[in-house]
Amino acid sequence: MEKVYILSSLPQMFDSLLRDTCGLSNFWAVLIECVLVGLLVLAAYATLAIILIFMERKVCAYFQCRIGPMRVGPWGTLQVIADVLKMLIKEIFFVDRSDKLLYCIAPFLVIIASVGTFSFLPWSQGWNVLDFNVGIFLLTAISSIGVIGIFMAGWASNNKYSVVSAMRGAVQLISYEMSLGLCLISAVILTGTMQISGIVEAQTGPWQWLIFQGHIPAILAFLVFCIAGNAEANRGPFDLAEAESELTAGYHTEYSGMGFGFFYLAEYLNLFVVSGIATTVFLGGWAPVNIGIAAFDSVMDYIPGIVWFLGKTFVVVFLLMWIRWTFPRLRIDQILKLEWKYLMPLSLCIIVLMVICVSFGLTFTING
Amino acid sequence: MYYTLFITVILTAVVLVVGAYVIAKLVGPRSYNPVKGEPFECGIPTRGSSWMPAHVGYYLFAVLFLMFDVETVFLYPWATVFNSLSANYGGAMLFSIFFFMLVLVLGLAYAWRKGALEWK
């Protein structure tokens, strides 16, 4: 029996509104829905970017005993919007001897990877934009397009700093993809499906979040995923690719105005996507907190899934920001050592542990 | 429907980039001088091309990644069916994957032993 949560039938209701009430043909209904989905994705993307950048500035300021932006708007809330406007009206120019074609393509790839992974997030029951049956696998495939974008940007700039940064970025991103993928595989072993909505469905019910279901291996996998995800989003302490004290701004040194803006946007959205995937896979996605007491559970079920999803995701985002502003930056050899000598073997061990837990029925479940 | 949505999402990303570029081109100022076209460095003109040979360590890690990534791709289908099939074919599935993981771990151990994981 599948439980139906609040607001889950909204997309179907809208679909039947178009088809039955307005009497549109299949083509027009699909067209209108696709345009709306595109607009919604764009709006959510832009809004979240602004919120995340503002949050990062305030969080970073409080970690460093400052107060952060305060001048533009009440409590500095309009600062990021002012920044975006400034970026939009700046001139876009090229370095004379850069590779113009690759230089122009690079932001496309970075944004495609970022928007593509962003659309996999399950906002609420039935609210996925993309929900393939090979979801997790396709997600990792799309996210690795971003590496090509970053490498292309650095290489095409024809700047020594950028080329060094591109090399570092590429080797770091591909290395950390390994343990990221292995942690996701351990979650797939437990749920038995790669579909994102299926993974979240498997986590509804009392104490059914994977981090509880899979106890020790799942908690380890969550931690490894957070570390590797932080590296994958190119954020400190793994922000080697744009170490501003040694490489000016790294691979986007030569990008002006909005060209730089895209990399900035993608970086923050990747932070959100990584937290969102960690939430989806390990912390139950939109699944509400259920503890097995009927009265408590039904109150929790009344809170819409999107509130749960955003709430949990922002907790993870805060955690990653905390890590960023607490630890000093690693060196390239330390980064590679951490991945290949510690996280990789650890994630292989997690898979073995998870396999043992699943096949001997050691997972944590409450019947009833 | 999902393939339509997938194309929609990719198009959305492209529209975002093109749209922002077009706005920037329309409202942004336009000017040129030769100093602006130079790569951003310490101030004196850049010497030589930036497209020079890179440290071989990067290449080594890329090759290692390629090897392990192809191997982990094979874990996905196995992981998907493991939970549902482990009741009937538990022994065979465990044995086959432990053998597969053994190969993977041996590969890592070999690379480690050979010093491929050291940054020199």
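Predicted model, so just to flag it, every value in this text is computed and none were measured.

Participant: A description of the layout of surface pockets should follow, citing residues and the corresponding values.
Facilitator: Here the largest pocket defines a volume of roughly 1100 Å³. In terms of lining, the largest pocket is formed by 31 residues, of which the most central are Pro11(A), Val37(A), Gly126(A), Trp127(A) and Asn128(A). Elements supplying a minimum of two residues to the lining of the largest pocket: α1 (10-21), α2 (26-63) and α14 (305-324) of chain A together with α1 (2-27) of chain B. Sorting elements by how many residues they give to the lining of the largest pocket places α2(A) first, with 9 residues. Residues that form the lining of the largest pocket fall into these classes: 20 nonpolar, 7 polar and 4 charged.

Participant: Pulling in residues and values, what's your account of the packing of aromatic side chains?
Facilitator: Residue and element names in this part refer to chain A. Inspection of every chain in the model, using the stated rule, returns 30 aromatic pairs over all chains. Each residue in the set Tyr 45, Phe 118, Trp 123, Phe 272, Phe 309 and Phe 314 is aromatic and connected to the rest through ring pairs, giving one cluster. Here the guanidinium or amino end of Lys 58 rests over the ring plane of Trp 75, the centre of that ring lying 4.1 Å away.

Participant: Lay out the UniProt feature "transmembrane region" (unreviewed entry) in chain B with the relevant residues and their values.
Facilitator: Sequence positions flagged by UniProt for "transmembrane region" (unreviewed entry) are, in local numbering, residues 6-24, 56-79 and 91-112 of chain B. Split by type, residues 6-24 of chain B is 100% helix and 0% strand. Its first and last C-alpha atoms lie 28 Å apart.

Participant: Can you break down the pattern of salt bridges residue by residue, with the values?
Facilitator: Residue and element names in this part refer to chain A. Tallied over the full model, the rule gives 7 salt bridges over all chains. Linking Arg 57 and Asp 83 is a salt bridge whose minimum nitrogen-to-oxygen distance equals 2.9 Å. In this pair, Arg 57 is assigned in helix α2 and Asp 83 in helix α3 (residues 79-88), connecting sequence segments 26 residues apart. Note on Arg 57: relative accessible area 28%, which makes it partly exposed. For Asp 83, a relative accessible area of 17% gives the class buried. Of the charged contacts in the structure, one is a salt bridge between Asp 333 and Arg 331, with a shortest N-O distance of 3.1 Å.

Participant: How would you summarise the domain arrangement of chain A if you had to cite specific residues and measurements?
Facilitator: Residue and element names in this part refer to chain A. Under the domain assignment used here, chain A contains domain 1 (7-83) and domain 2 (90-359). Placing the centre of domain 1 and that of domain 2 at their C-alpha centroids yields a distance of 19 Å. If you look at the interface, domain 1 gives 19 residues, while domain 2 gives 24 residues. Between domain 1 and domain 2 the total buried area reaches about 2100 Å² when both faces are included, carbon and sulfur atoms providing 80% of it. Per-residue buried area on domain 1 facing domain 2 is highest for Tyr 45, Leu 52 and Glu 56; these three make up 33% of the total on that side. Along the contact surface separating domain 1 from domain 2 lie 2 salt bridges. We note a salt bridge from Arg 235 to Glu 56, for which the minimum N-O separation is 3.2 Å. Linking domain 1 to domain 2 there are 5 residue pairs in polar contact (both at pLDDT 80 or more).

Participant: With reference to specific residues and values, describe a nonpolar patch on the surface.
Facilitator: Residue and element names in this part refer to chain A. Together, Phe 14, Leu 17, Phe 27, Trp 28, Leu 31, Ile 32, Val 35, Leu 36 and Leu 39 make up an exposed nonpolar region whose accessible area comes to about 810 Å². Mapped onto the nonpolar patch, the elements with two or more residues apiece are α1 and α2. Take the nonpolar patch: its biggest share by element is 7 residues, from α2. Structurally, Leu 36 can be placed in helix α2. For Leu 36, a relative accessible area of 34% translates into the label partly exposed.

Participant: Go over the packing of α2(A) against α14(A) with me, naming the residues and quoting the values.
Facilitator: Residues and elements named next belong to chain A. Put simply, α2 and α14 touch, their axes get as near as 10 Å, and they point 45° apart. Here α14 runs oblique to α2, going by the angle between their axes. Handedness of the crossing formed by α2 with α14: right-handed. In this structure, α2 contributes Leu 48, Ile 51, Leu 52, Met 55, Glu 56, Val 59 and Phe 63 to the contact, and α14 contributes Phe 314, Val 317, Phe 318, Met 321, Trp 322 and Arg 324. Classifying every residue of the contact of α2 with α14 by side-chain character gives 11 nonpolar, no polar and 2 charged.

Participant: Quick rundown of the interface of chain B and chain A? Include the residues and the values.
Facilitator: A common way to state how big an interface is: give the accessible area lost once the parts meet. Counting from both sides, the interface comprises 67 residues of chain B and, opposite them, 79 residues of chain A. Here chain B meets chain A over a buried area of about 6700 Å², counting both sides, of which 77% is carbon and sulfur. If you sort the residues of chain B by the area they bury against chain A, Tyr21(B), Trp51(B) and Tyr76(B) come out on top, with a joint share of 12%. The tally of links from chain B across to chain A stands at 0 salt bridges. Across the chain B-chain A interface, the total number found is 1 residue pair in polar contact (both at pLDDT 80 or more). At 20 residues, the largest contribution of residues to the side of chain B that touches chain A is made by α1(B).

Rules behind the numbers
- Residues numbered from 1 in each chain as written.
- Chains lettered and ligands numbered in written order.
- Predicted model: local features only at pLDDT ≥ 70, side-chain atom pairs only at ≥ 80, totals over all residues.
- Heavy atoms only, no water.
- 1 Å grid on protein atoms, 1.4 Å probe; cavity = no way out; pocket = protein on both sides within 12 Å on 5 of 7 lines; lining within 4 Å.
- Points joined across faces, edges and corners; volume = space filled by probe spheres on them.
- Helix = DSSP H or I, 4+ residues; strand = E, 2+ residues; numbered from the N terminus.
- Nonpolar A, V, L, I, M, F, W, Y, C, P; charged D, E, K, R; others polar.
- Phe/Tyr/Trp six-rings, centres within 6.5 Å; stacked < 30°, edge-to-face > 60°.
- Lys NZ or Arg CZ within 6 Å of the ring centre and 35° of its normal.
- UniProt positions renumbered as here; feature names shortened; annotations may be inferred.
- Salt bridge = Lys/Arg side-chain N within 4 Å of Asp/Glu carboxyl O.
- Buried < 20%, exposed > 50% of the residue type's maximum accessible area, 1.4 Å probe, protein only.
- Domains from an automatic or database assignment.
- Contact = heavy atoms within 4.5 Å.
- Buried area = accessible area lost by both parts, 1.4 Å probe.
- Polar contact = N/O pair within 3.5 Å; in protein donor to acceptor, adjacent residues only side chain to side chain.
- Patch = residues over 30% accessible without salt bridge, like charges linked within 9 Å, V, L, I, M, F, W, Y side chains within 5 Å.
- Areas by Shrake-Rupley, 256 points an atom, 1.4 Å probe, with all protein chains shown as cover.
- Axes fitted to C-alpha atoms, helices over the stretch in contact; angles between N-to-C directions.
- Parallel < 35°, antiparallel > 145°, perpendicular 65-115°, else oblique.
- Left-handed = near helix turned anticlockwise from the far one by under 90°.

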